[in-house]
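Now for the letters of each chain:
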Amino acid sequence: MKLQTVIVGAGISGLLLARVLHDAGARVTVLEKSRGFGGRLATKRVGDAVFDQGAQYFTVKDARFAAWVERWERAGLVAAWPGTEPTRYIGRPCMTAVPKALAEGLDVKREHKVTAIGCCGDHWCVDVEDHGCMRAERLILTAPVPQSLALLKAGDFVVPEPLLSRLKALDYDPCLALLVTVVGRTHLPSTGLRRESGAIRWAADNQSKGVSPNVTAVTLHLAPDFSAAHYGRTETEVLDLVRAEAEELLGAPIASATLHRWKFSHARTTFAEPFVWWPEEALGFAGDAFGGARVEGAALSALALAERVKAEMFAGS
């Protein structure tokens, strides 16, 4: 029987790892706590409004990632964002298009929240809320590193020094995403607007982007320091704090707002290597905290670790 590889997290890293290993012949299961695919490649519908609520686009620099992007572009899953230079790529019809396509044909178990991970002799025991324990011979963690370490600690698995200290040193900025509908049209450029001051760091009109055809739906990403200071506030409180700034920026009154909290939005510090693979324990870590704090970095981390695991799979064959 093929060795079971369990991947925790169905973001771009987890799904790319699963896709490459599955296509190489591995038996892979992906566990995802939420209902959707893609992690921060997320899209949310609120009534008739549609929002890309996480990553707004991605760029391409590395040839390994470019090969995948070319494939996605041919399939109509991504397109160059008109007017951007260097080219920014956006999902079609929205940012979840790529993760949904990657997940096709894979064993992805959504709404499977992992609560603890422990080592049980020659295999891993992965405790899943309301679903019992899953056995794995290989384990790859692609969730934000603090969450992954907490799962191992809950399962009484001890990560040795100095690796533990290096992993604990990785930290992230939070981001409050305010998803607003407005009355009329906005004054935002069609390619979105990044700002260096104020509470609002990024604003994008999902209607002009082609994501929300029927409603003017704007994604506002609030600055890291603002998000950290007000992370626990309610939706109404956050809107009250930024309404004046937002309506001046948009040139239109806000009709409704929905708040999404990204606790681990952006890897502020990154690991020196693109992944961690511990062959004696068959344990790996991957994600944007390893490959670089962008979509491409998360993808490259996954592709590099997939090649390492594949080499082990076929060693001696």
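Everything discussed here concerns the structure shown above.
Residues numbered from 1 in each chain as written. Predicted model: local features only at pLDDT ≥ 70, side-chain atom pairs only at ≥ 80, totals over all residues. Heavy atoms only, no water.

Participant: When you look at the sheet that holds strand E16 (residues 254-267) in this model, what are you seeing that I'm missing?
Facilitator: Across a sheet, paired strands are connected by hydrogen bonds in the backbone, their directions being either parallel or antiparallel. Spatially, five strands are ordered E13-E14-E15-E12-E16 in an open sheet, and the strand pairing comes out antiparallel. The two strands at the open ends of the sheet, each matched to only one other strand, are strand E13 (193-194) and E16. As paired elements, strand E12 (residues 172-182) and strand E15 (residues 217-222) share five bridges and run antiparallel to each other. Looking at E15, one finds that Val180 is bridged to Val218. (Pairing = 2+ DSSP bridges. Helix = DSSP H or I, 4+ residues; strand = E, 2+ residues; numbered from the N terminus.)

Participant: Mind showing me how you'd approach the packing of aromatic side chains here?
Facilitator: When we look at a pair of aromatic rings, we describe it by the centre distance and by the angle of the planes. The full count for this structure, using the stated rule, is 12 aromatic pairs. A centroid spacing of 5.3 Å and a plane angle of 80° characterise the contact between Tyr172 and Phe264, whose relative ring orientation is edge-to-face. Taken together, the positions of Tyr172 in strand E12 and Phe264 in strand E16 put the pair 92 residues apart, joining distant regions of the chain. Across this residue pair, the class does not change: Tyr172 and Phe264 are buried. Cluster of aromatic residues (ring-pair linked, three or more members): Phe58, Phe65, Trp68, Trp72 and Tyr89. (Phe/Tyr/Trp six-rings, centres within 6.5 Å; stacked < 30°, edge-to-face > 60°. Buried < 20%, exposed > 50% of the residue type's maximum accessible area, 1.4 Å probe, protein only.)

Participant: I keep staring at the state of the cysteines and nothing clicks. Help me out?
Facilitator: In protein chemistry, a disulfide is the covalent bond that joins the sulfur atoms of two cysteines. Scanning all chains against the criterion turns up one disulfide. Cys119 takes part in no disulfide bond, and the closest cysteine sulfur, belonging to Cys120, lies 6.8 Å away. Overall, the relative accessible area of 36% leaves Cys119 in the partly exposed class. Free of any disulfide, Cys133 has its nearest cysteine sulfur in Cys125, 4.0 Å distant. (Disulfide = S-S within 2.5 Å.)

Participant: Before we go on, may I ask you to explain the pattern of salt bridges in this structure?
Facilitator: Scanning the model with the defined rule gives 13 salt bridges in all. Note that Asp23 is salt-bridged to Arg19, the shortest N-O span being 3.1 Å. Taken together, the positions of Asp23 and Arg19, both in helix H1 (residues 12-23) and four residues apart, correspond to about one turn of that helix. Salt-bridge contacts for Arg268 lead to Asp171; the nearest nitrogen and oxygen are separated by 2.8 Å. Of this pair, Arg268 sits in the loop between E16 and strand E17 (276-278) while Asp171 sits in the loop between helix H5 (163-168) and E12, and the two are 97 residues apart along the sequence. With relative accessibility at 26%, the residue Asp171 sits in the partly exposed group. Linked by salt bridges that have partners in common, Asp171, Asp173 and Arg268 make up one network. (Salt bridge = Lys/Arg side-chain N within 4 Å of Asp/Glu carboxyl O.)

Participant: Where do I start with the packing of H1 against helix H10 (residues 295-313) in this structure?
Facilitator: Each pair of packed helices can be summarised by the angle the axes make with each other and by the distance between the axes. Between H1 and H10, whose axes approach to 8 Å, the crossing angle comes to 30°. On the basis of their axis angle, the class for H1 and H10 is roughly parallel. When you trace H1 past H10, the crossing you get is right-handed. Note on element contacts: H10 touches H1 through Val295, Ala298, Ala299, Ala302, Leu303, Leu305, Ala306, Glu307, Val309, Lys310 and Met313, opposite Ile12, Ser13, Leu16, Leu17, Val20 and Leu21. A per-class count over the contact of H1 with H10 returns 14 nonpolar, one polar and two charged. (Axes fitted to C-alpha atoms, helices over the stretch in contact; angles between N-to-C directions. Parallel < 35°, antiparallel > 145°, perpendicular 65-115°, else oblique. Left-handed = near helix turned anticlockwise from the far one by under 90°. Contact = heavy atoms within 4.5 Å. Nonpolar A, V, L, I, M, F, W, Y, C, P; charged D, E, K, R; others polar.)

Participant: Explain the packing of helix H2 (residues 63-74) against H10 to me, please; I cannot follow it from the model alone.
Facilitator: Relative to each other, H2 and H10 sit at 105°, their axes nearing to 10 Å. Judged by the inter-axis angle, H2 sits roughly perpendicular to H10. Contact residues: H2 offers Arg64, Phe65 and Trp68, while H10 offers Val295, Glu296, Ala299, Leu300 and Leu303. Partitioning the contact of H2 with H10 into residue classes produces six nonpolar, no polar and two charged.

Participant: Any chance you could explain the nonpolar core here in plain terms?
Facilitator: Side chains of a nonpolar character, in soluble globular proteins, are inclined to be buried together. Counting 50 residues, the largest nonpolar core has Ile12, Phe58 and Trp72 as its most contacted members. Mapped onto this core, the elements with two or more residues apiece are H1, strand E2 (27-31), H2, strand E6 (89-91), helix H3 (97-103), strand E14 (200-205) and H10. In this structure Phe58 touches Phe65, Val69, Trp72, Val78, Thr87, Arg88, Tyr89, Met95 and Val295, once residues within four positions along its chain are discounted. By size, the runner-up hydrophobic cluster in this structure holds 32 residues, among which are Val128, Val145, Tyr172 and Leu283. (Core = buried A, V, L, I, M, F, W, Y, C linked by side-chain atoms within 4.5 Å.)

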